[in-house]
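# Coordinate inspection notes
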Amino acid sequence: MPTFRLFCVTHKPLILPSVRDLIPIQVGTSESNFCPIRDNQGKTISSKNATYSELTAMYSIWKNHPSHFVGFCHYRRFLFPPTLSKWLRSNAVNPYASGFSLKEDDLVAKLAEVNASYCSDFLPLLEQADVILPYECTLPKGGFLAQYASVHPIGPMYRLLAVLSDIDQRLGLLAHQFFLDQRSAHWCNLFISSWPVFDQYSHFLFDVLFRLEDQIVLPRSQYQRRVFAFLSERLFNFWLWMHKIKTCTVDWAILDTSHLSREPHQFHASVQKSLL
């Protein structure tokens, strides 16, 4: 029987019921162990967490925990299968970017109620698509380049393009055109895919980022130091487009308590959501 694991990346203890195939993975430097697995076990880049953020969990899963299907959500962001869309829209606090905000207590209670079907209900979608993504947000004129410059120091984005050109000049040209022209984006490294697709993407992603490391001067801001995670969001969109990966989209939610930490790029939704 195919195995599917949906990993929930967190740097702090989670209030989550025990749900089959939904597995918390701990990142960060805490000396306490509050998840069943950590990103510092086995083959690891956990020491890079301050600049790679959730990517240290992705790398750990890639190197140490293979399965037929794999997915990632975060301690405050969750994907929802179509079977839960009506419930989400009925119980959401507000629309939020291309998704919704949701009370933590409501999420916990619903996950406890549906249990194993929360994860298993994603699987039929993977019979029709290679990757499941959250609904997209719109980008401004100038695409990813203009958007990145509006919320982050732009230098690392240009260094990324230089690294891609060093790998293959055509790759760099394609990326530059994509980052300039693209008008929508799937954010936050939330996705579910087959293992072969995840494996192929991970080879590409970490090869590029490791090449980039010694070419970037890290910002002083603790938030902006997560530069490799920010760049990976753009790389993921480019990689999906470049390889013509077949995708489908689902609803997603951010926990209502996270509103103060919303990121600027999440303000522009491509689809106006309404509460049903």
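Further up the page is the structure itself.
Read on for a plain summary of the structure. Bear in mind the structure is a predicted one, so any value in this text is a computation, not a measurement.

The rules we used
Residues numbered from 1 in each chain as written. Predicted model: local features only at pLDDT ≥ 70, side-chain atom pairs only at ≥ 80, totals over all residues. Heavy atoms only, no water. Helix = DSSP H or I, 4+ residues; strand = E, 2+ residues; numbered from the N terminus. Rg over C-alpha atoms; globule rule 2.2 N^0.38 Å. Buried < 20%, exposed > 50% of the residue type's maximum accessible area, 1.4 Å probe, protein only. Contact = heavy atoms within 4.5 Å. Lys, Arg positive; Asp, Glu negative; His and termini not counted. Charge placed at Lys NZ, Arg CZ, Asp CG, Glu CD. Phe/Tyr/Trp six-rings, centres within 6.5 Å; stacked < 30°, edge-to-face > 60°. Core = buried A, V, L, I, M, F, W, Y, C linked by side-chain atoms within 4.5 Å. Salt bridge = Lys/Arg side-chain N within 4 Å of Asp/Glu carboxyl O.

### Things to note about the overall build of the protein chain
- Regarding its fold elements, the protein chain presents 10 helices and 12 strands.
- Relative to a compact globule of 276 residues, whose C-alpha radius of gyration would be 19 Å, the protein chain shows 18 Å and is just as compact.
- The principal-axis extents of the C-alpha atoms in the protein chain amount to approximately 50 × 45 × 40 Å.
- Expressed as a percentage of the 276 residues in the protein chain, the buried residues total 52%.
- In the protein chain, the proportion of contacts linking residues at least 24 apart, taken out of those at least 6 apart, comes to 75%.
- The average position of the 26 basic charges and that of the 23 acidic charges among the side chains of the protein chain differ by 3 Å.

### Structural notes on the packing of aromatic side chains
- Applying the stated criterion across every chain, the model contains 27 aromatic pairs.
- Between Tyr201 and Phe236, the aromatic rings sit 4.8 Å apart at their centres with planes inclined by 50 degrees, giving tilted as the arrangement. With Tyr201 in helix α9 (residues 195-212) and Phe236 in helix α10 (residues 227-242), this residue pair connects regions lying 35 residues apart in the sequence. Across this residue pair, the class does not change: Tyr201 and Phe236 are buried.
- Ring geometry for Tyr223 versus Phe230: centroids 5.1 Å apart, planes at 50 degrees, classification tilted.
- Among the aromatic residues, those joined into a cluster by ring pairs are Phe7, Phe72, Phe191, Trp195, Phe198, Tyr201, Phe236 and Trp239.

### Considering the nonpolar core
- Tyr118 and Phe179 are the most contacted members of the largest nonpolar core, which has 92 residues in total.
- With 10 residues, the top contributor of residues to this core is α9.
- Leave out the neighbours within four places in its chain, and Tyr118 touches Leu6, Val19, Leu22, Phe78, Leu79, Pro81, Leu84 and Leu111.

### Observations regarding the pattern of salt bridges
- Enumeration over the complete set of coordinates arrives at six salt bridges.
- Close ionic contact of Arg89 with Asp251 constitutes a salt bridge, the shortest N to O distance being 3.1 Å. Of this pair, Arg89 sits in helix α3 (residues 85-91) while Asp251 sits in strand β12 (residues 247-255), placing them 162 residues apart in sequence. The same class applies to Arg89 and to Asp251, which are both buried.
- Its salt-bridge partner being Lys110, residue Glu113 comes within 3.2 Å of it at the nearest N-O pair.

### Quick word on unusual backbone geometry
- Unlike most non-glycine residues, Ala97 shows phi in positive territory, near 50 degrees.
- Secondary-structure assignment places Ala97 in the loop between β6 (94-96) and β7 (99-102).
- Positioned with a positive phi, Cys188 is a non-glycine residue whose angle comes to about 80 degrees.
- As for its position among the elements, Cys188 is in the loop between β10 (184-185) and β11 (191-194).
- Cys188 sits in the buried class, given a relative accessible area of 5%.

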